[in-house]
Amino acid sequence: MDNPEEWRQQAWAHLTKLRQECPLVQCITNFVSMDLMANVLLSAGASPAMVHSIDEIPEFTPKVHALCINVGTLTPDWLPAMKVAAETANKEGKPWVLDPVAAGASSFRLMACLELLGMKPSVIRGNGSEILALFKGSVDPNSKGVDSRHESTDVVEAAKSLAQLSGCVVAVSGAVDVVTDGQQAVSIRNGVAMLQKITATGCSVTALIAAFVAIDPLHVVEATASALSLFGVASEIGMDMAKGPASLRMHLIDSLYGLDQGTVFNRVKITKL
Amino acid sequence: MDNPEEWRQQAWAHLTKLRQECPLVQCITNFVSMDLMANVLLSAGASPAMVHSIDEIPEFTPKVHALCINVGTLTPDWLPAMKVAAETANKEGKPWVLDPVAAGASSFRLMACLELLGMKPSVIRGNGSEILALFKGSVDPNSKGVDSRHESTDVVEAAKSLAQLSGCVVAVSGAVDVVTDGQQAVSIRNGVAMLQKITATGCSVTALIAAFVAIDPLHVVEATASALSLFGVASEIGMDMAKGPASLRMHLIDSLYGLDQGTVFNRVKITKL
Amino acid sequence: MDNPEEWRQQAWAHLTKLRQECPLVQCITNFVSMDLMANVLLSAGASPAMVHSIDEIPEFTPKVHALCINVGTLTPDWLPAMKVAAETANKEGKPWVLDPVAAGASSFRLMACLELLGMKPSVIRGNGSEILALFKGSVDPNSKGVDSRHESTDVVEAAKSLAQLSGCVVAVSGAVDVVTDGQQAVSIRNGVAMLQKITATGCSVTALIAAFVAIDPLHVVEATASALSLFGVASEIGMDMAKGPASLRMHLIDSLYGLDQGTVFNRVKITKL
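Only a predicted model underlies this, so the values are computations on that prediction, with no experimental measurement involved.

Quick notes on the rules
Residues numbered from 1 in each chain as written. Chains lettered and ligands numbered in written order. Predicted model: local features only at pLDDT ≥ 70, side-chain atom pairs only at ≥ 80, totals over all residues. Heavy atoms only, no water. Phe/Tyr/Trp six-rings, centres within 6.5 Å; stacked < 30°, edge-to-face > 60°. Contact = heavy atoms within 4.5 Å. Buried area = accessible area lost by both parts, 1.4 Å probe. Salt bridge = Lys/Arg side-chain N within 4 Å of Asp/Glu carboxyl O. Polar contact = N/O pair within 3.5 Å; in protein donor to acceptor, adjacent residues only side chain to side chain. Helix = DSSP H or I, 4+ residues; strand = E, 2+ residues; numbered from the N terminus. Least-squares fit on C-alpha atoms with pLDDT ≥ 70 in both. Pairing = 2+ DSSP bridges. Axes fitted to C-alpha atoms, helices over the stretch in contact; angles between N-to-C directions. Nonpolar A, V, L, I, M, F, W, Y, C, P; charged D, E, K, R; others polar.

### A word on the packing of aromatic side chains
One pass over the full model with this rule turns up 6 aromatic pairs over all chains. Members of the aromatic cluster, each reached through a chain of ring pairs, are Phe31 and Trp78 of chain A, Phe31 and Trp78 of chain B together with Phe31 and Trp78 of chain C.

Below, the structure is given as structure tokens:
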């Protein structure tokens, strides 16, 4: 698809399908993001299930439509559940998405992310620094925690290589978002800078990607691009009303809930790179 | 009480007493709901205590006025603390309330809920699917996680039977809420549909029930009905100002904080079934 | 400094430096506060890192500029990580701040707080009851959980003694906030009463203190006073727009993000006691 018009129509088609099918998205995520992530999924039309106990994953994960794994506040006792959930999703043919939060901040975190990456998520979504850390397989001595020190567009080649090596679609968030399967690459020019002043927006968009891939599992790049773009569009509309990060957060969720065809057609900016 | 007028006066009397006495409500709850639950309790006039360590429950729980146990993000290591807290509450004659989140989603979850149910909470509050799962004692193969597949009013007979069998008051949330002690049943027609697009509103109303029962422990059905109705009224007022789920959440809490006699008298809709 | 004018200029200088340097603040905190705390840090200009795994603390904590430890939803398995983080911060010469939430609510909690206090945080920030419990080293039989039964100004002498005994700066929150190093004491008359109706505002201001001390580690009393005052000022501005606790929470964060020199000069109220 080369025509921006087609991407917009596709984004709207994705959102419409999501609202109709209301996919059940299991989230094994960090403590900071749980509230926002569940509310973002609900406002988009999905049904969140924050289930992380290894005692119920083998029985529960087969019932979900997608899985989101996020290592934000990882401790070693959470890893086995993440792995069993990923395995179950793979066995059942359900898409799952990995958010390698602050992958370069410590060896423990990097190893956990690389191990999960080896289990072949459908999509990995991170900021520039996180994707670079995974690509290089090394800890960043200048890590700023969850914040990126790299622009997404500087990381495109690393993202492509990582996609080829891992067999996963790689999404890099930033001023411009980039999605690649290792061959083609797509850029998304939606969103506002103030999103970086709200905790867990990155985590939440990863969960949203899981929901979009759930309803279009054969077009992972496209579904991922739609999710990133529509979240960005919602933030743009929210920004018109916001007076700061907290009101932006509220208006973003409201806007995501209320997105209509006209807005999506006017605002979505997805193009081939 | 058959007169709607009396229910309204009673709801206002409950709220007034709650604001005066500011009961201390201990919450052992899931990670997703902690923030909203604490803020809902505070805005209603109660004092939340999110204390779940088994190392302090025997010393702390005797000081609280009510206890709320919620299995939302349950893992096996949390169960012993829940049981000790329930035991302590029972021994001290303090009311406690159980929220069997997604009880039918897995055997692990169902067993935990049935075990807690066997410890005789004062009230169980769930949606239709959760109450049915407890009543049948079986996992729901079509579980949608925390979302209900059943209307509350279709579950009235199951709720009555469960109340009789368990000796607990059973509250079923839905478009119409139902509260029953197994003999009488009461319906509450407050609330707005958009509450389902906000995570942890069900969890929060369960904690609110605990606070209301704390200040009227001899009238559990009535206190439960007041809590459900007033939370619903706050959501109705909030809905008049809301532009989506996130602003509804904000306005709901603000409205609960500001509820006055006139509004309560005008809006509360509790009737005998 | 005796001149209120100088305190105001200093508060503005602190905020300006914080926004420029964007210090990385590691938070090991309770589940209820994580979201608000991270958002408060972000809106002030700091970079939050909610990292609590003992497996990465030895590698990660040396990279941060300050550490915040909060015992709000403490369980025994969290204590070792807190201690290793405090030790690491001490060894690396990084400031760290302790929030002894509900210190007097149980022996388990009190012992944990006293143990952490023995590791010499730069600042301890609590309400009147929490500071008294630490000073007396005894559990409060009438504990209201996280809520204070004592006014901050009634606790000034205990705070001074605690500061002398512990070698830490002690900050007591209340209608008037007090900061003391055992010799001098400073009072801050900013803030609004409704903050007590929002969960985790105390926790969040403690994290903000960590961020301010990070950028002025040689003037701990002054940096602490600036943090308390500016958070209070943001709440005052927020209160002008708020209709209840939830909108106050939103407007407070927005206001903290937008604080300008004129507002700071007009509103900051710090004086020597």
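### Details of the interface of chain A and chain B
Taken together, the contact between chain A and chain B spans 27 residues of the former and 33 residues of the latter. Buried surface at the junction of chain A and chain B, summed over both partners, amounts to about 2,400 Å²; 59% is from carbon and sulfur atoms. Summed over the shared surface of chain A and chain B, the number is 2 salt bridges. Measuring nitrogen to oxygen at the nearest pair gives 2.7 Å for the salt bridge that ties glutamate 56 of chain A to arginine 109 of chain B. If you look at where chain A meets chain B, you find 8 residue pairs in polar contact (both at pLDDT 80 or more). Contributions of two or more residues to the side of chain A that touches chain B are made by helix 2 (34–44), strand 2 (47–49), helix 3 (57–60) and helix 10 (245–258) of chain A.

### Some details on the relation of the copies chain A and chain B
What relates the two chain copies is a rotation about an axis together with a slide along it. Aligned on chain B, chain A shows an RMSD of 0.0 Å; the corresponding rotation is 120 degrees and the shift along the axis is 0.0 Å. Here the copies are linked by what is in effect a three-fold axis. When each C-alpha of chain A is compared by its distance to the rotation axis, phenylalanine 31 of chain A comes out closest, at 3.8 Å. When the interface residues of chain A are mapped onto chain B, a mere 7% of them again lie at the interface, so each copy presents a different face.

### Side note on the relation of the copies chain C and chain B
The two copies are related by a screw motion: chain C maps onto chain B through a turn of 120 degrees and a shift of 0.0 Å along the axis, at an RMSD of 0.0 Å. When you check the interface residues of chain C against chain B, a mere 6% turn up at the interface there too, and the two sides of the contact use different surfaces.

### Details of the side chain of asparagine 30 of chain A
As for its position among the elements, asparagine 30 of chain A is in the loop between strand 1 (24–28) and helix 2. Only 2.9 Å separates the side chain of asparagine 30 of chain A from the backbone nitrogen of serine 33 of chain A, close enough to count as a polar contact.

### Focus: the sheet that holds strand 6 (residues 169–173) of chain A
All names here are of chain A. An order of 2-1-3-4-5-6-7-8-9 is seen for the 9 strands of this open sheet, with the pairing classed as mixed. Edge positions in the open sheet fall to strand 2 and strand 9 (270–272), since each of these has one partner strand only. Strand-to-strand twist in this sheet, taken as the mean axis angle between neighbours without regard to direction, amounts to 20 degrees. In terms of strand pairing, strand 7 (residues 177–180) meets strand 8 (residues 185–188) through 4 bridges, oriented antiparallel.

### Some points on the interface of chain C and chain B
Contacts between the two partners involve 33 residues from chain C, matched on the other side by 27 residues from chain B. Of all residues in chain C, Phe31, Lys144 and Lys197 of chain C give up the largest surface area on contact with chain B, accounting jointly for 22% of the area buried on that side. Joining chain C to chain B, the criterion identifies 2 salt bridges. Counting every contact that joins chain C to chain B gives 8 residue pairs in polar contact (both at pLDDT 80 or more). Mapped by element, the contributors of at least two residues to the side of chain C that touches chain B are helix 5 (107–117) and helix 10 (245–258) of chain C. Sort the elements by how many residues they give to the side of chain C that touches chain B and helix 10 of chain C lands first, with 5 residues. Of the residues contributing to the side of chain C that touches chain B, the split by class is 14 nonpolar, 12 polar and 7 charged.

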